[in-house]
Amino acid sequence: MNALTLGLFLILTLSVVTVPTVFADEDEWDDKEGEYEQREGFGNMEREQEREREREYEDDDDEGLALGGGIPDVILYGTIAVIAGSVTYTGYKIYKTKQPKLSASR
Amino acid sequence: MNTKIIPIIFLLLFLAPIPTFADDDDDDSEDAIENLGWVALGAGVIANLPFIVFNKWRRFAVRAGGQSLQMVQQAVQFYKPILNFHIILNSIGYFAGMTHGLLLVNNLDSISLSLAITMTVLMISGILLRYTSSRNTKVFNRLLHGQFGLVFLLVALIILHVLTGDD
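Reading guide: rules and limits
- Residues numbered from 1 in each chain as written.
- Chains lettered and ligands numbered in written order.
- Predicted model: local features only at pLDDT ≥ 70, side-chain atom pairs only at ≥ 80, totals over all residues.
- Heavy atoms only, no water.
- Helix = DSSP H or I, 4+ residues; strand = E, 2+ residues; numbered from the N terminus.
- Areas by Shrake-Rupley, 256 points an atom, 1.4 Å probe, with all protein chains shown as cover.
- Phe/Tyr/Trp six-rings, centres within 6.5 Å; stacked < 30°, edge-to-face > 60°.
- Buried < 20%, exposed > 50% of the residue type's maximum accessible area, 1.4 Å probe, protein only.
- Contact = heavy atoms within 4.5 Å.
- pLDDT = per-residue confidence, 0-100.

Focus on the overall build of chain A
Okay, step 1: When its secondary structure is counted, chain A shows five helices and zero strands.
Okay, step 2: Accessible area of chain A: about 8500 Å², with a carbon and sulfur share of 60%.

Let's talk about the packing of aromatic side chains
For any pair of aromatic rings, the description rests on two quantities: the centre-to-centre distance and the angle between the ring planes.
Residue and element names in this part refer to chain B.
Okay, step 1: Overall, the coordinates contain five aromatic pairs over all chains when judged by the stated rule.
Okay, step 2: Judged by centre distance (6.3 Å) and plane angle (35°), the ring pair of phenylalanine 51 and tyrosine 79 falls under tilted. Of the two residues, phenylalanine 51 sits in helix 3 (residues 26-64) while tyrosine 79 sits in helix 4 (residues 67-103), which places them 28 residues apart along the sequence.
Okay, step 3: With a relative accessible area of 12%, phenylalanine 51 lands in the buried category.
Okay, step 4: Every member of this aromatic cluster is reached through a ring pair, and the members are Phe51, Phe54, Trp57 and Tyr79.

Considering the environment of B:Leu41
Residue and element names in this part refer to chain B.
Okay, step 1: Position of leucine 41 among the secondary structure elements: in helix 3.
Okay, step 2: C-alpha separation for the pair leucine 41 and glycine 97, spaced 56 residues apart in sequence, amounts to 7.8 Å.
Okay, step 3: Ignoring sequence-local partners within four residues, the contact set of leucine 41 consists of Ile158 and Val162.

Quick word on the side chain of A:Ser86
Okay, step 1: Its location among the elements puts A:Ser86 in helix 4 (residues 71-98).
Okay, step 2: Setting aside anything within four residues of it in sequence, one finds A:Ser86 in contact with B:Leu144, B:Gln147 and B:Leu150.

Points about the confidence of the model for chain A
If pLDDT is low for a region, its predicted coordinates should not be looked at in detail.
Okay, step 1: Mean pLDDT for chain A: 69, with 44% of residues reaching 70 or above.
Okay, step 2: Ranking the helices and strands of chain A by mean pLDDT puts helix 4 of chain A first, with 89, and helix 2 (residues 27-38) of chain A last, with 52.

Put into structure tokens, the structure is as follows:
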């Protein structure tokens with residue numbers, strides 16, 4: 001069973017690494033590379049600047065994430081507070097039940 | 001033999017979302033991912049409503065006594081299948097919901113994150129309640145899993161997520 005489990009994990013690891021790469025769209029970057037290379041009179045400096053602009057544009061996309069302010073954030077903190085409260089309350093309830101009643105025994 | 005099959009099924013399930021990435025048509029793949037969310041929601045409703053109704057009816061009937069107590073004794077045989085149905089369908093709903101969330105992680109907002117945290121807490125408490133042998137852990141998770149506050153929070157977050165999901 002151990003050997004089988006290890007073998008499966010190995011296959012799992014290999015699959016995680018290889019399968020998405022096989023399905024990934026490789027043409028996009030290749031085409032861009034080709035596009036850059038084919039342009040005549042387009043120097044290294046210009047290519048690098050263009051790539052830099054594209055990278056900045058991609059970074060700007062991340063600013064679309066809705067995390068970081070307003071009512072949704074209050075909901076997130078509220079959720080964490082409710083969960084923490086529930087766990088603490090449950091633990092307290094069990095602790096109270098299991099605590100020996102000293103006053104009753106005296 | 002069953003213990004050997006389970007990791008293989010998990011492996012196949014792990015690879016299941018990959019074809020979604022392979023699809024170049026953004027609209028089709030986004031629709032498929034969105035549908036995964038509806039699958040999660042549907043599975044959650046079907047898994048929980050009959051289970052909650054059955055448990056409430058059982059408690060009510062035990063309190064009432066008499067004829068209804070006999071009905072409860074007859075219905076005891078259905079408890080295990082309903083519990084298994086509840087576990088299996090909730091697991092499907094949880095993994096469908098999480099896959100839906102992971103594939104749309106670029107659009108992550110605080111409400112979705114809250115929903116994922118709440119689902120995970122309830123899922124872990126349910127798994128521990130079912131599969132642990134420690135008495136203390138069982139008692140703790142029984143109390144936590146059935147907390148009205150958590151259930152109410154989950155329902156409220158699902159409604160909010162559905163309402164704000166398209167934004």
